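# Coordinate analysis (summary)
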Amino acid sequence: MSGHSKWATTKHKKAVVDAKRSKLFAKLIKNIEVAARTGGGDLAGNPTLFDAVQKAKKNSVPIDNINRAVKRGSGQEAGGADYSTIMYEGYGAGGVAVLVECLTDNRNRAASDVRVAFTRNGGQMADPGSVSYLFSRKGVVIVPKEGTSEEAVMEAVLDAGGEDVNDIGEAFEVLSEATDLVPVRTALQDAGIEYDSADVVFWPATQIEVDAEGARKILRLIDALEDSDDVQNVYANFDASDEVMAELEND
């Protein structure tokens with residue numbers, strides 16, 4: 001298991017009880033608006049919107065908020081903002097590569113927030129392209145363990161483009177090419193297997209092993225970046241042992 005995956009799982013578990021729930025809700029709602037604006041408000045015909053709504057529901061976003069976001073994004077209701085996606089690149093402590101995905105209606109504010117987070121947490125921003133080449137686009141589906149097995153999940157997704165199934169604690173992580181994400185999650189649905197989220201992410205090709213102090217520093221940077229309303233996702237190519245992650249959970 002990579003530290004990257006474990007951190008994703010930690011965030012996944014943390015999200016339900018996190019004091020920053022309102023920020024999480026806002027980011028999930030923003031994803032829904034953008035997906036509806038890009039591909040229309042019909043969930044059946046817009047798989048990106050379907051997955052954004054599914055994720056919001058799993059994180060207890062009120063259904064009224066979800067419906068209003070779909071209407072704003074698809075133009076059925078006024079008030080939707082003109083969001084654009086911007087990627088920032090940088091390095092954290094120990095040379096860990098960091099990709100920051102922003103969804104914003106104010107580029108200057110987003111750039112300032114990201115720069116401050118890097119500067120105050122032992123990191124530095126990098127030129128475009130200097131970090132992104134270390135990552136590739138992958139589909140990731142998170143499947144809760146309850147009611148299924150690793151073998152059942154692998155059997156369900158193999159013919160749909162599933163490349164790997166990883167045990168990440170309380171869930172299985174299904175990897176695929178980004179273009180196979182929808183067929184993979186559809187195959188899980190057809191097999192009667194519940195999933196918590198289905199996302200296209202930036203996946204690190206290589207990883208840097210970090211000790212407990214290194215992990216603390218990079219996670220502090222990630223937290224600072226994610227504290228910005230404009231930051232949707234942060235990806236880092238660090239790896240940490242089970243022992244290191246356990247030590248951090250006890251902090």
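Residues numbered from 1 in each chain as written. Predicted model: local features only at pLDDT ≥ 70, side-chain atom pairs only at ≥ 80, totals over all residues. Heavy atoms only, no water.

Let us look at the overall build of the protein. Each helix and strand in the protein was counted, giving 9 helices and 10 strands. The principal-axis extent of the C-alpha atoms belonging to the protein is close to 45 × 45 × 35 Å. Counting every atom, the protein has about 12,100 Å² of accessible surface; 48% of that belongs to carbon and sulfur. In the protein, which carries 27 positive and 42 negative side-chain charges, the distance between the mean positions of the two groups comes to 8 Å. (Helix = DSSP H or I, 4+ residues; strand = E, 2+ residues; numbered from the N terminus. Areas by Shrake-Rupley, 256 points an atom, 1.4 Å probe, with all protein chains shown as cover. Lys, Arg positive; Asp, Glu negative; His and termini not counted. Charge placed at Lys NZ, Arg CZ, Asp CG, Glu CD.)

This part covers the pattern of salt bridges. Under the definition given, this model contains 13 salt bridges. The salt bridge involving K55 is made with D199; its shortest N-O contact spans 3.1 Å. With K55 in helix α3 (residues 47–58) and D199 in strand β7 (residues 197–204), the pair connects residues that are 144 residues apart, well separated along the chain. Among the ionic contacts, a cluster of salt bridges with common partners joins K58, E194 and D196. (Salt bridge = Lys/Arg side-chain N within 4 Å of Asp/Glu carboxyl O.)

With that settled, consider the UniProt feature "domain: TACO1/YebC-like second and third" (unreviewed entry) in the protein. What UniProt calls "domain: TACO1/YebC-like second and third" (unreviewed entry) maps, in this numbering, to residues 83–238. Note that residues 83–238 is 30% helix and 38% strand, and that its end C-alpha atoms are spaced 30 Å apart. (UniProt positions renumbered as here; feature names shortened; annotations may be inferred.)

So, on to the sheet that holds strand β1 (residues 84–91). Strand order across the open sheet formed by 4 strands is β3-β1-β2-β9, with antiparallel pairing between neighbours. With partners counted over all chains shown, the strands left at the sheet margins are β3 (124–126) and β9 (231–236), one partner each. Taking the axes of each pair of neighbouring strands and ignoring which way they run, one obtains an average angle of 30° across the sheet. Inspection of the sheet shows β1 paired to strand β2 (residues 97–104) by 8 bridges, in the antiparallel sense. (Pairing = 2+ DSSP bridges. Axes fitted to C-alpha atoms, helices over the stretch in contact; angles between N-to-C directions.)

A separate point is the nonpolar core. Judged by nonpolar contacts, the single largest core of 27 residues is most densely connected at Y88, V98, V100, V114, I218, L225 and F238. With 7 residues, the single largest contributor to this core is helix α8 (residues 212–226). Core analysis: the next-biggest nonpolar cluster, separate from the first, contains 16 residues, V143, A160, V184 and Y195 among them. (Core = buried A, V, L, I, M, F, W, Y, C linked by side-chain atoms within 4.5 Å. Buried < 20%, exposed > 50% of the residue type's maximum accessible area, 1.4 Å probe, protein only.)

This brings us to unusual backbone geometry. Despite not being glycine, S60 has its phi angle at roughly 65°, a positive value. Following the sequence through the fold, S60 ends up in the loop between α3 and α4 (63–74).

Pairing in this open sheet of 4 strands is antiparallel, and the strands run β5-β6-β4-β7 from one edge to the other. With partners counted over all chains shown, the strands left at the sheet margins are β5 (162–167) and β7, one partner each. Strand after strand, the sheet turns through a mean of 30° between neighbouring axes, direction not considered. Summarising the sheet, strand β4 (residues 135–144) and strand β6 (residues 171–177) pair through 7 bridges and their orientation is antiparallel. Opposite V143, over in β6, you have F172 as the bridge partner.

A separate point is the pairing of β6. For β6, the tally of buried residues reaches 6 of 7 residues, placing the bulk of the element in the interior. Pairing of β5 with β6, which is carried by 5 bridges, proceeds in the antiparallel orientation. Looking across to β6, one finds that N166 is bridged to E173. Here β5 folds back onto β6 in antiparallel fashion, the turn holding 3 residues, of which G169 has a positive phi close to 105°.

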